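Results of the structural survey
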Amino acid sequence: MQERASEAPLPRPKTSRGEATRQKLIDAAIREIGRRGFADASVAGITQEAGVAQGTFYVYFRSKEEVLRELVLRMGRRLRHFLTQATTGAADRLEAERLGLVAFLRFVRDNPDLYRIVAEAQFVDFEAYRRYYDDFAAAYEEVLKAAVERGEISPGHSGVRAWALMGIADMVGQRYALWDDQAPLEEIAAAGYDLIAHGLAPQPAGGAR
């Protein structure tokens, strides 16, 4: 569905100075919304955090909701790029899953405000929230299908698998990377990967993992 003109994002700045100001507002919004929550965050708080006049906000964004949508899309792009870099060169799909889980946990710990903003989006702009996960799942499903064709993983429902693997990373990341800033991420990722690679079925006696 095409956005109505009143809902479409404002044009991007045409000068480097304007782009720098917009970026300052985005960075400030990450901190303000991520730490205070969407309901308690304010345009005044964002502009104060950015060190600009309150009216400057409306040169680049129409509302606090529009900023949230921008942040959710940004989180999705940054995370997918980060995981692609982390898994490039993996020997096979299972190795990519291991590397990707470690990288995801690190990303969550290093970007807690962005992670919280995505969670908040479900109550503010459900379409943006769902798009974040749908886009991620669509790309994930394709790499899983390709891995099946290469014989790197067993055949199965790639869509269900994509969402299930996302769920593991999402919940483990929330518990051990977001809520606990001391948990050893390599160890946590190893436990999560063991479940991904071997499942819950008991192993044969003497069987090596």
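Summarised in this report is the structure supplied together with it. Here the residue numbering is sequential within each chain, running from 1 through the sequence in written order. Confidence filtering applies because this is a predicted model: local features only for residues at pLDDT of at least 70, side-chain atom pairs given and counted only at 80 or more, and all residues used for totals across whole chains, interfaces and linings. Excluding hydrogens and water, the side-chain figures rest on all heavy atoms present in the structure.

Overview of the overall build of the chain
- The way it works is that DSSP assigns letters per residue, a run of H or I at least four long becomes a helix, a run of E at least two long becomes a strand, and they are numbered from the N terminus. Counting secondary structure elements, the chain contains 9 helices and 0 strands.
- Secondary structure elements in the chain, listed N-terminal to C-terminal, are α-α-α-α-α-α-α-α-α.
- Here, two residues are considered to be in contact whenever any of their heavy atoms come within 4.5 Å of each other. In the chain, once contacts between residues fewer than 6 apart in sequence are set aside, the share between residues at least 24 apart is 66%.
- A total accessible area of about 12,100 Å² is found for the chain, and carbon and sulfur atoms account for 53% of it.
- Working convention for charge: Lys and Arg count positive, Asp and Glu count negative, and His plus the chain ends are omitted. Charged side chains are reduced to one point each, which is NZ for Lys, CZ for Arg, CG for Asp and CD for Glu. For the chain, the distance from the average site of its 28 positive side-chain charges to the average site of its 30 negative ones is 5 Å. Calculation of accessible area relied on Shrake-Rupley with a 1.4 Å probe; when residues are assessed, cover is drawn exclusively from the protein chains displayed.

Focus: helix H4 (residues 64-87)
- In this model, H4 (24 residues) spans 35 Å end to end at C-alpha, consistent with the 34 Å of a helix rising 1.5 Å per residue.
- The classification of residues rests on relative accessible area computed with a 1.4 Å probe and restricted to protein chains. Under 20% of the type maximum is buried, over 50% is exposed, and intermediate values are partly exposed. Listing the buried residues of H4 in full gives Lys-64, Glu-66, Val-67, Leu-68, Glu-70, Leu-71, Val-72, Arg-74, Met-75, Gly-76, Leu-79 and Leu-83.
- In this structure, the buried side of H4 is in contact with helix H1 (16-36), helix H3 (54-60), helix H5 (93-110), helix H6 (112-124) and helix H7 (126-149).
- Phi turns positive one or two residues past the end of H4, at Gly-89, with a value near 95°. Between the first and last residue of a helix there are one fewer steps than residues, each counted as 1.5 Å, and that sum is the expected span.

Some points on the environment of Trp-179
- Note on placement: Trp-179 falls in the loop between helix H8 (158-178) and helix H9 (185-198).
- Here Trp-179 falls in the exposed class, since its relative accessible area comes to 61%.
- Spatially, the C-alpha atom of Trp-179 lies 26 Å from that of Leu-25, the residues being 154 residues apart in sequence.

Description of the environment of Ala-8
- Structurally, Ala-8 can be placed in the segment before H1.
- Each C-alpha atom, one on Ala-8 and one on Leu-178, is 33 Å from the other, the two residues being 170 residues apart in sequence.

Digging into the packing of H5 against H8
- Axis geometry follows a simple rule: fit a line to the C-alpha atoms, using only the stretch in contact for helices, then measure angles between N-to-C directions, giving values from 0 to 180 degrees. Close contact between H5 and H8 brings their axes to 9 Å; oriented N to C, the two are set at 40°. The pairing of H5 with H8 is recorded here as oblique in orientation. Here H5 runs over H8; the crossing is right-handed. Along the contact surface, H5 presents Glu-97, Leu-101, Phe-104, Leu-105, Val-108 and Arg-109, while H8 presents Leu-165, Ala-169, Asp-170, Val-172, Gly-173, Tyr-176, Ala-177 and Leu-178.
- Its residues placed into classes, the contact of H5 with H8 shows 10 nonpolar, 1 polar and 3 charged. Relative orientations are named as follows: roughly parallel for angles under 35 degrees, roughly antiparallel for angles over 145 degrees, roughly perpendicular for angles from 65 to 115 degrees, and oblique for any other angle. Throughout, a crossing is termed right-handed when the near helix is turned clockwise from the far one, and left-handed when it is turned anticlockwise from it by less than a right angle. Only Asp, Glu, Lys and Arg are considered charged, only Ala, Val, Leu, Ile, Met, Phe, Trp, Tyr, Cys and Pro nonpolar, and every remaining residue, Gly among them, polar.

Examining the pattern of salt bridges
- In the sections that follow, a salt bridge refers to a side-chain nitrogen of Lys or Arg positioned within 4 Å of a carboxyl oxygen of Asp or Glu. Summed over all chains, the structure comprises 17 salt bridges.
- As a salt-bridge pair, Glu-97 and Arg-93 come within 2.9 Å of each other at their nearest N and O atoms. Within this pair, Glu-97 and its partner Arg-93 are both found in helix H5, separated by 4 residues, close to a single helical turn. Arg-93 shares its class with Glu-97; the two are buried.
- We note a salt bridge from Glu-95 to Arg-98, for which the minimum N-O separation is 2.8 Å. You can see Glu-95 and its partner Arg-98 sitting in helix H5, 3 residues apart, about one turn around the helix.
- What makes Arg-98 partly exposed here is its relative accessible area of 30%.

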